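# Report on the structure
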Amino acid sequence: MTATNARTPVMLQLENLSVEFGKGAQRVRAVANVSLQIRAGQTLGLVGESGSGKSTLGRAILKLVPTTQGKINFDGQAIQDFSPSAMRPLRRQMQMVFQDPSLNPRQRAGDMLNEVLDTHQLHKGEQRQARIHELLALVGLKAEHATRYPHEFSGGQKQRLGIARALATESKFIVADEPLSALDMSIQAQIVNLLIRLKSQLGLTLLFISHDLDVVEYLCDHVVVMYLGRVMESAPAAELFAKPRHPYTQALLAAAPIPDPSQPAPVVVLHGEPPSPLNPPSGCVFRTRCPHATAQCAEHIPELKNLAPEHAAACIHLDDI
Ligand SMILES: Nc1ncnc2c1ncn2[C@@H]1O[C@H](COP(=O)(O)OP(=O)(O)OP(=O)(O)O)[C@@H](O)[C@H]1O
Ligand code: SF4
Ligand SMILES: [Mg+2]
């Protein structure tokens, strides 16, 4: 967790951001009217079932997929309409870490980092070598690892290299899209601790996408819950996990594996799969699976309603739940 408050500058602000794929009957609104903000040094967790639009949102922020409407403000600049050349100086500052670091099997670790530094014209000669060793050390690897090929690294070490690559450009904002899901449990904990150390050491701002709610609770300051492209709830992590207000958040938390199987079964159960994004329900998109749905829920798309400072949920029946 990071100590931030209302006076900490906002690093990233999204206003009504939408991303659509396809046309006509094949049109999918993968991200629909998403507004959120991340303060500098904060970690925002993005959760929701498969297909809820988490990766698309992460990629849209980095302008790796075109947005259909809305605003992206990064560190004081409105970048939604930036051309690739206008984005170039910002590319250094915003990077992505993936589940699979996709390292080139024929490229040594040091050469991979060298290539990134070269592309961005960072450091020269001996300084370049020193920076490569510094990056390896930063992620808990050794200088001698620079001469190794990807197959000589473990899964955890490969992910460390993926993180080093993202940090090579002195980036300040990282989108980490399920960076742990391909790793064993014990290695996951090491990578989580690495992210925590890097955050405090480098002052990173992080968008952390994950299905693992325990890790999100441990790592994140704030959490946004998505369903079929829309934000259902947004709250400080401690508040969201202690007192989820939206029926979808409640169901998602209840559906998470219970560490102690002797505990009673959850009251709210998330049945079946989300509806097809090609044909989302009218009104509240969660209504086909919501235990509290009424006829009214089919009529209007609920707005995000403020419940407490920095805590909002999109449901018309919040007062009755
Ligand atoms: N390039 C694309 N072309 C067409 N549809 C896409 C494309 N990328 C994503 N989608 C659709 O957009 C929706 C959101 O997908 P996205 O990958 O963002 O979800 P996600 O929350 O990251 O899911 P997961 O947890 O499985 O990674 C899905 O319906 C998906 O099929
Ligand atoms: S608006 Fe209706 S369907 Fe949607 S979450 Fe609230 S009660 Fe459920
Ligand atoms: Mg994804």
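Residues numbered from 1 in each chain as written. Chains lettered and ligands numbered in written order. Predicted model: local features only at pLDDT ≥ 70, side-chain atom pairs only at ≥ 80, totals over all residues.

### A word on helix H5 (residues 155-167)
Under the 1.5 Å per step criterion, the end-to-end length of H5 is 19 Å for 13 residues, consistent within 8% with the ideal 18 Å. Burial runs high along H5: 11 of the 13 residues are buried. If you follow the buried residues of H5, they end up packed against strand S6 (94-97), helix H3 (109-119), helix H4 (125-138), strand S7 (173-177) and helix H6 (185-202). (Helix = DSSP H or I, 4+ residues; strand = E, 2+ residues; numbered from the N terminus. Expected span 1.5 Å × (residues − 1). Buried ≥ 20, exposed ≤ 12 C-beta atoms within 10 Å, placed from the backbone. Contact = placed C-beta atoms within 7 Å.)

### With respect to the packing of H5 against H6
Two elements in contact, H5 and H6, have axes separated by 10 Å at closest approach and are oriented at 20°. Between H5 and H6, the angle falls in the class roughly parallel. In this structure, H5 meets H6 at a crossing whose hand is right-handed. Counting all contacts with H5, which are made through Gly155, Gly156, Gln159, Arg160 and Ile163, the residues of H6 involved are Ile187, Gln190, Ile191 and Leu194. For the contact of H5 with H6, the per-class residue count stands at 4 nonpolar, 4 polar and 1 charged. (Axes fitted to C-alpha atoms, helices over the stretch in contact; angles between N-to-C directions. Parallel < 35°, antiparallel > 145°, perpendicular 65-115°, else oblique. Left-handed = near helix turned anticlockwise from the far one by under 90°. Nonpolar A, V, L, I, M, F, W, Y, C, P; charged D, E, K, R; others polar.)

### Describing the site of ligand 2
Lining the immediate environment of ligand 2, one finds Pro247, Cys284, Phe286, Arg287, Cys290, His292, Ala293, Cys297, Pro302, Cys315, Ile316 and His317. Grouping the amino acids of the shell around ligand 2 by side-chain chemistry returns 9 nonpolar, 2 polar and 1 charged. (Near = placed C-beta within 6 Å.)

### Describing the site of ligand 1
Within the structure, ligand 1 sits among 13 residues, and Phe21, Ala30, Ser50, Ser55 and Thr56 are positioned closest to it. Sorting the residues of the shell around ligand 1 by element identifies strand S2 (28-39) and helix H1 (54-61) as the ones contributing at least two each. In the shell around ligand 1, the residues fall into 4 nonpolar, 8 polar and 1 charged.

### Some words on the pairing of S6
Of the two faces of S6, the one lined by Met94 and Met96 and the one lined by Gln95 and Val97 are each fully buried. In the sheet, S6 pairs with S7 via 4 bridges, with the strands oriented parallel. Bridge pairing in S7 places Met94 opposite Phe173. (Pairing = 2+ DSSP bridges.)

### A closer look at the pairing of strand S3 (residues 43-47)
For S3, the tally of buried residues reaches 5 of 5 residues, placing the bulk of the element in the interior. The two faces of S3 match: Thr43, Gly45 and Val47 on one face and Leu44 and Leu46 on the other face are all buried. Pairing of S3 with strand S8 (residues 205-209) involves 4 bridges; the strand directions are parallel. Each bridged residue has a counterpart across the sheet, and for Gly45 the counterpart in S8 is Phe208.

### A look at the sheet that holds S2
If you trace the 4 strands from one edge of the open sheet to the other, you get S2-S1-S4-S5, paired in antiparallel fashion. Strand pairing shows two members of the sheet lacking a second neighbour, S2 and strand S5 (77-78), which therefore form its edges. The pairing of strand S4 (residues 69-74) with S5 spans 2 bridges and is classified as antiparallel. The residue of S5 that forms the bridge with Asn73 is Ala78. Helix-sheet contacts for H1 involve strand S1 (10-21), S2 and S4, and the interaxial angle to S2 is about 60°.

### Structural notes on the domain arrangement of the protein chain
Structurally, the protein chain comprises domain 1 (10-93 + 172-320) and domain 2 (106-167). Measuring from the centre of the C-alpha atoms in domain 1 to the corresponding centre in domain 2 gives 31 Å. At the junction of the two partners, domain 1 supplies 9 residues and domain 2 supplies 9 residues. Among the elements that make up the side of domain 1 that touches domain 2, the one with the highest residue count is H6 (4 residues). When its residues are assigned to classes, the side of domain 1 that touches domain 2 shows 7 nonpolar, 1 polar and 1 charged. (Domains from an automatic or database assignment.)

### Details of the sheet that holds strand S12 (residues 311-313)
Spatial ordering of the open sheet is given by S6-S7-S8-S3-S9-S10-S12-S11, a layout of 8 strands whose pairing is mixed. Each having just a single partner strand, S6 and strand S11 (305-308) make up the two edges of the open sheet. In this sheet, neighbouring strand axes are inclined to one another by 20° on average, regardless of whether the strands run parallel or antiparallel. Of the strand pairs in this sheet, strand S9 (residues 222-227) and strand S10 (residues 230-236) are connected by 6 bridges, and their pairing is antiparallel. Each residue of the ladder has a partner; that of Val225, found in S10, is Glu233. Packing against the sheet, H5 makes contact with S6 and S7, and its axis sits at approximately 170° to S6. Across the sheet, helix H9 (residues 247-255) lies against S3, S9 and S10, angled at about 100° from S9, the strand it touches most.

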